[in-house]
Every structure is written in C-alpha cells, then in structure tokens.
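Observations on chain architecture
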Amino acid sequence: MDAIHINWTKPFINKFNRPYELEDFEVLTTILSALKWREKNGNITMITDKEGMEYYEKTGLTEIWDDVQSILDEVDVNPDVFWAAGKIFALKSRTAPTAMIDTDFIVWESIDFDALSDVTVIHFEDLYPDVYPPRGHFNMKAGYEFDSGFDWGLKACNTAFCVIKNDALLKYYTETSVDFMRNAEEKDDRLTYMVFAEQRLLNMCAGKMNIRVNAFSDLGRLFKDGENRFTHTWGMKQQMRDNGALRYDFCRRCINRIVHEYPHMYEVMKNIEVLKQYF
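Structure report, in brief. Think of each chain on its own: its residues are numbered from 1, step by step along the sequence as written. At least 70 in pLDDT is required for a residue's local features to be given in this predicted model, at least 80 for side-chain atom pairs to be given and counted, and no such filter applies to totals for whole chains, interfaces and linings, which use all residues. Where side-chain values are given, they derive from all heavy atoms of the structure, hydrogens and water being excluded.

**Considering the nonpolar core**
Ranked by size, the top nonpolar core spans 50 residues in total, and within it Ile31, Trp37, Leu61, Trp65, Phe161, Phe230 and Met265 carry the most contacts. Elements that contribute at least two residues to this core include exactly helix 2 (24-40), strand 2 (44-48), helix 3 (50-59), strand 4 (98-101), strand 5 (105-107), strand 7 (156-164), helix 9 (244-261) and helix 10 (265-270). For this core, the leading source of residues is helix 2, giving eight residues. Whether two residues are in contact is decided by their heavy atoms: any pair within 4.5 Å suffices. Residues in contact with Trp37, not counting those within four places in the same chain, are Met1, Ala3, Gly42, Asn43, Ile44, Ala99, Ile101, Val107, Phe113 and Phe161. What makes a nonpolar core is a set of buried Ala, Val, Leu, Ile, Met, Phe, Trp, Tyr and Cys residues whose side-chain atoms join them at distances within 4.5 Å. Burial classes follow relative accessibility: with a 1.4 Å probe on protein chains only, a residue under 20% of its type's maximum area counts as buried, one over 50% as exposed, and anything between as partly exposed. If you look at the next biggest cluster of nonpolar residues, it comprises 46 residues, including Phe82, Ile88, Ala90 and Ile164. Starting at the N terminus, helices and strands are each numbered in turn, a helix being any DSSP run of H or I of at least four residues and a strand any DSSP run of E of at least two.

This is the structure we're talking about:
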C-alpha cells in the first residue's frame, strides 16, 4: 500500500528561529521508517514544504523515499498551536486507501492490508480530561458549531501509524479537522486543540458515518509486553536528549542496522553533519 511521511517545518522554525534540521536520532528513525516500509509494504512519499525539501536535498535523504513532494507551504493554520497540522493537510491531498506513518515510527513486518477494516490506527487513547477535555473547553470563532452527530464519548485514535481505506471518510475527516483548526481562537495551547483535531476527530467522524475504527495494538503491548511488529520512539526522545550515553548507543545501533540491511546508505549517512561523530 502507498504510504506517506509528513514534515511541515514551520512549527520548528517558529519555535527555534533557525534553519530547519533534524537531530541525529530523528534522521536515523526516518531512514529506517522509510526503507523498511519500502522493503515490506509498498511505496512511500515524503510530503513536506520548501524548507523540508531543501533540507532533504542537502543531506541526500531524498533517495530514501519513492517521491518527495513540497506542498505544505500554504498550510494556513496557527503553527504554534497546530504543530502537527501538516499531517492533516497532507492526508487531505491523498485518496484512499492510504497509510500515514510518523517518521519516528517503524513498521518491521508486512501488513495484510486486505484484512484491515476501513480504518485501522496503531492504538486508542483514553479520554483523560487534561488531554481530551469536553466540548466546552474549546474557544471557537463566532458561528462555528461542532457536528451535532458527534459522539464525544468515543476514544481518541493515536495516528502515529494509520491506514484509511474509505475515501469518503478520509475527505470528511480531513475537511472537518481543517475547518476546526481554521476556526479555533486559541493562541497558546499546544496540546488539547491539536490532539482533538488529529486524534479525536478521526473516531468521531468515523462514528458519525457508522464506520468502526480498529487498532493494530494497544499501549500495554507497545510499551510493556513488547510489540515486535512496531517501534515508536516518541516517548524516548527526551530521554535521549537528557542522556548522552543512551543517545549514542541508540544512534550506533541504528546505524549498524541500516548499514547491514541497506549498505548503500553508508555513503549518505557519513556525510550528514549530525551523524559524522558516529563514523
């Protein structure tokens, strides 16, 4: 199945006020994520913007994808609140069936896509009120109304890895999410508005269409009992920033695996500035 990686660089540039770049471990998980998908499951396209395209061309990373498209320069929502909005706008440009994978998420095995339902996400998330507050929490522009058919009791969907096979749902979800983001009045909240737009609305839109959302796994299998099919490094990033030895070991192990499985990447990686210390 065709898949997409997404990188909207504007939130990074706004936050740090410097040219876009990836940290060492982010470069390596991106390489593994893209190449392992191509090996096991199909084509994968990076959807980014002008700055992202320039970064990937400069580092030589464009070759890890089947295609790189620069289409996110016109994303017109607040990047300081909706830092993951690029995912929604990238999905909006696609037709189903399609898979969406975060660049820090690796699918190690082949997926039986024919056996999947209309929507399958990596796992569900409980509606903890500090993350997924009730409807009254959201400060919206005058005239905006949430769909009266939404079920606010449905769990949220973690979309680090997500497969959508229903094109009508894909369009409804992305249009509804973009409409919410464009009408939000919030200027500072970097959590609740974004996870609503990305992760909660998917199940609510599916429920409105009487479409059942399934999950590949759950939090227990992913983080406690071990899940051999998938790796998601999201929760480990800050640990690596705080622990130099952990970071170095992780990067060395990634590089060793990449060189072993994809030898052509050796020349690319050794010339990337943030990776030179490992060669």
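**Let's talk about unusual backbone geometry**
Omega for the peptide link from Ala96 to Pro97 comes to 5 degrees, which places this bond in the cis form. Relative to the elements of secondary structure, Pro97 occurs in the loop between helix 4 (85-92) and strand 4. Residue Asn17 is not a glycine yet carries a positive backbone phi of 55 degrees. The residue Asn17 is located in the loop between helix 1 (10-16) and helix 2 in this model. Residue classification places Asn17 among the exposed positions, given a relative accessible area of 69%.

**Let's talk about the pattern of salt bridges**
Any carboxyl oxygen of Asp or Glu within 4 Å of a side-chain nitrogen of Lys or Arg constitutes a salt bridge here. Summed over the entire model, instances satisfying the criterion amount to 20 salt bridges. Here Glu198 ties to Lys87 by a salt bridge, and the two come within 2.6 Å at their closest N and O atoms. Within this pair, whereas Glu198 is found in helix 6 (residues 192-208), its partner Lys87 is found in helix 4, the two being separated by 111 residues in sequence. When its relative accessible area of 9% is taken as the criterion, Lys87 is described as buried. A salt bridge links Asp147 to Lys208; the nearest nitrogen and oxygen atoms lie 2.8 Å apart. Taken as a pair, Asp147 in the loop between strand 6 (119-125) and strand 7 and Lys208 in helix 6 lie far apart in primary sequence, 61 residues in all. Residue classification places Lys208 among the partly exposed residues on the basis of a relative accessible area of 36%.

**So, the packing of aromatic side chains**
Geometry of aromatic contacts follows a simple scheme: Phe, Tyr and Trp rings, the Trp one being its six-membered ring, pair when their centres are within 6.5 Å, and the pair is stacked under 30 degrees between planes, edge-to-face over 60, tilted otherwise. Applying the stated rule across the entire model yields 29 aromatic pairs. Aromatic side chains Phe146 and Trp152 sit 5.2 Å apart centroid to centroid with 85 degrees between the ring planes, which places their arrangement in the edge-to-face category. Of the two residues, Phe146 and Trp152, neither departs from the other in class, the shared state being buried. When the centroid spacing of 5.1 Å and the interplanar angle of 45 degrees are considered together, the rings of Tyr248 and Tyr278 count as tilted. With a gap of 30 residues between them, Tyr248 in helix 9 and Tyr278 in the segment after helix 10 connect regions that are remote in the sequence.

**Focus on the sheet that holds strand 7**
Pairing between strands is defined by DSSP: at least two bridges between the two strands are required. The strand order across the open sheet built from seven strands is 3-2-1-4-7-6-8, with neighbouring strands paired in mixed fashion. At either end of the open sheet lies a strand with only one pairing partner, and these are strand 3 (67-70) and strand 8 (213-215). Averaged over neighbouring strand pairs, the angle between their axes works out to 35 degrees when direction is ignored. Interaxial angle, 0 to 180 degrees, is taken between N-to-C directions of lines fitted to C-alpha atoms, where a helix line uses only the stretch in contact. Packing against the sheet, helix 2 makes contact with strand 1 (3-7), strand 2, strand 4 and strand 7, and its axis sits at approximately 165 degrees to strand 1. The sheet strands contacting helix 4 are strand 1, strand 2, strand 4 and strand 7, and the helix crosses strand 1 at an angle near 140 degrees.

**Here we look at the side chain of Ser217**
Residue position: Ser217 is located in the loop between strand 8 and helix 7 (219-225). Of the residues examined, Ser217 reaches a relative accessible area of 6% and is grouped as buried.

**Quick look at the state of the cysteines**
Here, a disulfide means two cysteine sulfur atoms that sit within 2.5 Å of each other. Following the criterion strictly, the structure yields zero disulfides and no others. We note that Cys157 lacks a disulfide partner, and the nearest cysteine sulfur, in Cys162, lies 7.4 Å from it. Relative accessible area serves as the criterion here: at 0%, Cys157 is assigned to the buried category. Left unpaired, Cys254 is separated from the closest cysteine sulfur, that of Cys251, by 6.4 Å.

**Brief notes about the pairing of strand 4**
Of the two faces of strand 4, both are covered, the one formed by Thr98 and Met100 as well as the one formed by Ala99 and Ile101. As judged from the two bridges shared by strand 1 and strand 4, these two strands associate in the parallel manner. Residue pairing for strand 4: Ala3 is matched across the bridge by Ala99. Bridge analysis of strand 4 against strand 7 gives four bridges, and the strand direction is antiparallel. Considered in strand 7, the bridge of Ala99 is made with Val163.

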